[in-house]
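# Residue-level structure breakdown
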Amino acid sequence: MNEKKEFSAYLKSQIGEDLSLEQIELFIEKPKQLQQGDLAFPCFQLGKIFKTSPVEIAKRLSVGDGLPQLFYKIEATGAYVNVFIDKEVQGLKLLKTILKEKENYGSHSFGDGKTIVFDLSSPNIAKPFSMGHLRSTVIGSSLASISKKCGYETVKINYIGDWGTQFGKLIYAYLRWGVEEKVKENPIPELTKLYVRFHEEAEKDPAINDEGRKWFKKLEDGDPEATNLWIWFKEVSLKAFQKIYELLGIQFDSYNGEAFFNGKMDASVKELMEKGLLELSDGAQIVNVGEDMPPCLIKKTDGATLYATRDITAAIYRKNTYDFDQAFYVVGHEQSLHFEQVKRVLRKMDYTWADHMHHVPFGLILQNGKKMSTRKGRTVLLDTVLLDAIQLAENNIREKNPSLSEVEEVARQVGVGAVIFHDLKNEKGNDVEFSLEQMLKFEGDTGPYVQYTSARIQTLLNKGHYNGKLPDKLSIAEEGWELISVLNEFPSIVQQSFFRKEPSIISKYVLKLSHKFNHYYGSVKILNSDQTGERLALCASIQIVLKEGLQLLGIQTPKQM
Ligand code: ARG
């Protein structure tokens, strides 16, 4: 049911060329009083165009043929054309659809047969998993779920940062100052310390930088000592990252990171050369990508490859492997230039599909207005943050509902859900202020609030012994209409969030639905009334949509809270 669209189509058929469909739709309003119908079209503008009284026009428009079935009545009131929706019929139809389709309600098929590749999360080994990586993980993963709901196949690639000159530095630092036992005990913080120490020592003695470069060269040439250390660093890092992914409940289809493209870069560099795109600049090999931008660096003077070389190679590999329709790179704002350069190089190579690569940037996570940094003592270890959130959630739950069973599992769903929802509730380009207390509140615009609303519905359904039955009439259509029309928006909300690559459209929607439900719950007697059956069917439909909305954000819904 798309009442506005159907009403404008009807009006358009009556008006003809003088107003466009879009203009008509913009004019349509909701009357303040219910007895004036559900939608109204003011005729003042047409009055000006035709130089006639708008009242006359309203009369004429209200007696035309072909009124859509959705409306049972049309009438002119002054200069307005008012239509009345057949709420009972439409509401019943919608509830039937939701209760029958369940979690498939709101799905689309426009992505059928097409694949989207997601480049997301992508932390760097031997370094802490940062807040930026958390944002990339939850935004990317939600966009993948939304795309799936629109029919697309999705491939989630965790492009681990496991290659580059920094590993030469790290290997040198470990060999010089590292202690095996310490790294084993506490891998990421110890390796980070070694990396920081390298830079401190290099300030005093710049010759150390050459040592770093030497070790990276050794690594690139397959030296066994360097390689074994690198493998070890990678293993311990992935283990630590895995803990975070498990808590978040997130899986990937591929972990092919930067190092995976080692043997494959020669081919793309050769291709660049054959296509005449490589130029020499101060001994380095570059591709010029336009006046408005620095050139893209392909090989350093010493022959070492770069971040861009790997991304260019990876893009070609992904196109060949997955034949993607689109590729999304969910990476912070600060890499915009890099992705633009990569795309331009690919375009110069005549890969027209480069236009289907989209950098999906996002804002920072701040603490007290400042960027959360891995240096300068403001280190926040993400697994600790998640464990803290779970602990706080557990305290809240025990206080609210001391008799709840499976508290630990529920606390995990609520704590993690709170962190994810907090991240996804604002437009992704905005910065987010990190506050555990705020995000864990059961009231206000939080994940726990939405989860709690669903649990509240579950209690109602249990108490009322609701068995999934569809009502055969809907006498509550008038009182429940606001909720019904919000439920009706869900498919278009899913579509919008896909096209705008914006999970926050879903978060805002589940908040709105929760608010409306809680208002309804406070003003209508749901159990022990003559309308209990119908009202429970409405509640069950709301729960289905809340749960599916949260699922699209990557959040689980506990049965009880
Ligand atoms: N590892 C990089 C970083 O942490 C992000 C990688 C993003 N993806 C890509 N294809 N470049 O900054």
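Look up a bit, the structure's there.
Residues numbered from 1 in each chain as written. Predicted model: local features only at pLDDT ≥ 70, side-chain atom pairs only at ≥ 80, totals over all residues. Heavy atoms only, no water.

Here the focus is the pattern of salt bridges. Within this structure, the stated rule accounts for 32 salt bridges. When the shortest N-O distance is used, the salt bridge between aspartate 423 and arginine 135 registers 3.0 Å. One end of the pair, aspartate 423, is in helix 16 (residues 407-424); the other, arginine 135, is in helix 6 (residues 131-149), and 288 residues separate them in sequence. The exposure class of arginine 135 is buried, given its relative accessible area of 0%. Notably, a salt bridge pairs glutamate 479 with arginine 535, separated by 2.8 Å at the nearest N-O pair. Here glutamate 479, found in the loop between helix 18 (447-463) and helix 19 (481-499), pairs with arginine 535, found in helix 21 (residues 532-553); they are 56 residues apart in sequence, far enough to count as distant. Judged by relative accessible area, which is 35%, glutamate 479 ranks as partly exposed. Residue arginine 535 is classed as buried on the basis of its relative accessible area of 9%. (Salt bridge = Lys/Arg side-chain N within 4 Å of Asp/Glu carboxyl O. Helix = DSSP H or I, 4+ residues; strand = E, 2+ residues; numbered from the N terminus. Buried < 20%, exposed > 50% of the residue type's maximum accessible area, 1.4 Å probe, protein only.)

The residue serine 122 is not glycine, and still its phi comes out positive at about 50 degrees. Tracing the sequence through the fold places serine 122 in the loop between strand 4 (115-119) and helix 6. The phi dihedral of aspartate 350 falls on the positive side, at around 75 degrees, and the residue is not glycine.

Let's shift gears to the site of the ligand. The ligand sits among Asp119, Ser122, Asn124, His133, Tyr159, Tyr307, Asp311, Tyr329, Val331, Gln335 and Phe339. Side-chain polar atom of tyrosine 307 to a nitrogen atom of the ligand: 2.7 Å apart, as the coordinates give it. Here a nitrogen atom of the ligand sits 2.7 Å away from a polar atom, N or O, in the side chain of aspartate 311. In the complex, the protein chains occlude 89% of the 350 Å² of accessible area that the ligand would expose alone. Split by residue class, the shell around the ligand holds 5 nonpolar, 4 polar and 2 charged. (Near = heavy atom within 4 Å. Polar contact = N/O pair within 3.5 Å; in protein donor to acceptor, adjacent residues only side chain to side chain. Areas by Shrake-Rupley, 256 points an atom, 1.4 Å probe, with all protein chains shown as cover. Nonpolar A, V, L, I, M, F, W, Y, C, P; charged D, E, K, R; others polar.)

Applying the stated criterion across every chain, the model contains 32 aromatic pairs. Plain terms: the ring middles of phenylalanine 118 and phenylalanine 328 are 5.2 Å apart, the flat faces sit at 80 degrees to each other, and that makes the pair edge-to-face. Of this pair, phenylalanine 118 sits in strand 4 while phenylalanine 328 sits in strand 9 (residues 326-330), and the two are 210 residues apart along the sequence. Overall, phenylalanine 328 belongs to the buried group, its relative accessible area being 2%. Taken together, a centroid distance of 5.2 Å and an interplanar angle of 70 degrees make the contact between phenylalanine 260 and tyrosine 317 edge-to-face. With phenylalanine 260 in the loop between helix 11 (224-248) and helix 12 (265-274) and tyrosine 317 in helix 13 (residues 307-322), this pair connects stretches of sequence that are 57 residues apart. Phenylalanine 260 gets classed as partly exposed once you look at its relative accessible area, which sits at 29%. Through successive ring pairs, a cluster of aromatic residues spans Phe129, Phe241, Tyr245, Phe252 and Tyr255. (Phe/Tyr/Trp six-rings, centres within 6.5 Å; stacked < 30°, edge-to-face > 60°.)

With that settled, the discussion passes to the sheet that holds strand 8 (residues 296-299). The 3 strands are arranged 6-7-8 in an open sheet whose pairing can be described as antiparallel. Of all the strands in the sheet, the pair left with one neighbour each is strand 6 (278-281) and strand 8. Each strand axis lies, on average, 45 degrees off the axis of its neighbour in the sheet, ignoring direction. As paired strands, strand 7 (residues 284-287) and strand 8 are joined by 3 bridges and run antiparallel to one another. Within the sheet, the bridge partner assigned to glutamine 285 lies in strand 8 and is lysine 299. (Pairing = 2+ DSSP bridges. Axes fitted to C-alpha atoms, helices over the stretch in contact; angles between N-to-C directions.)

Looking at chain direction, strand 2 (residues 71-77) and strand 3 (residues 80-85) are connected through 6 bridges and run antiparallel. Opposite phenylalanine 71, over in strand 3, you have isoleucine 85 as the bridge partner. Linkage of strand 2 to strand 3, two consecutive antiparallel strands, is achieved through a turn of 2 residues, within which glycine 78 is found at a positive phi near 60 degrees.

Our focus in this paragraph is the environment of leucine 387. In this fold, leucine 387 is placed in helix 15 (residues 382-400). Taking the relative accessible area as the measure of exposure, leucine 387 reaches 49% and is therefore partly exposed. A sequence separation of 52 residues divides leucine 387 from glutamine 335, and the C-alpha atoms of the two residues are 30 Å apart.

Within the fold, arginine 344 resides in helix 14 (residues 336-348). Here the side chain of arginine 344 touches aspartate 292 through a polar contact of 2.9 Å, side chain to side chain. In this view, arginine 344 contacts Val289, Gly290, Asp292 and Met293; residues no more than four positions away in its chain are not counted. (Contact = heavy atoms within 4.5 Å.)

Counting 149 residues, the largest nonpolar core has Phe7 and Phe41 as the members making the most contacts within it. Ranked by residues supplied to this core, first place goes to helix 21 with 12 residues. When neighbours within four sequence positions are excluded, phenylalanine 41 is seen to be in contact with Phe7, Leu11, Ile15, Leu19, Ile24, Phe27, Ile28, Leu46, Leu61, Ala79, Tyr80 and Val81. Among the nonpolar cores identified, the runner-up in size contains 29 residues, and Leu278, Val345, Leu346 and Ala354 belong to it. (Core = buried A, V, L, I, M, F, W, Y, C linked by side-chain atoms within 4.5 Å.)

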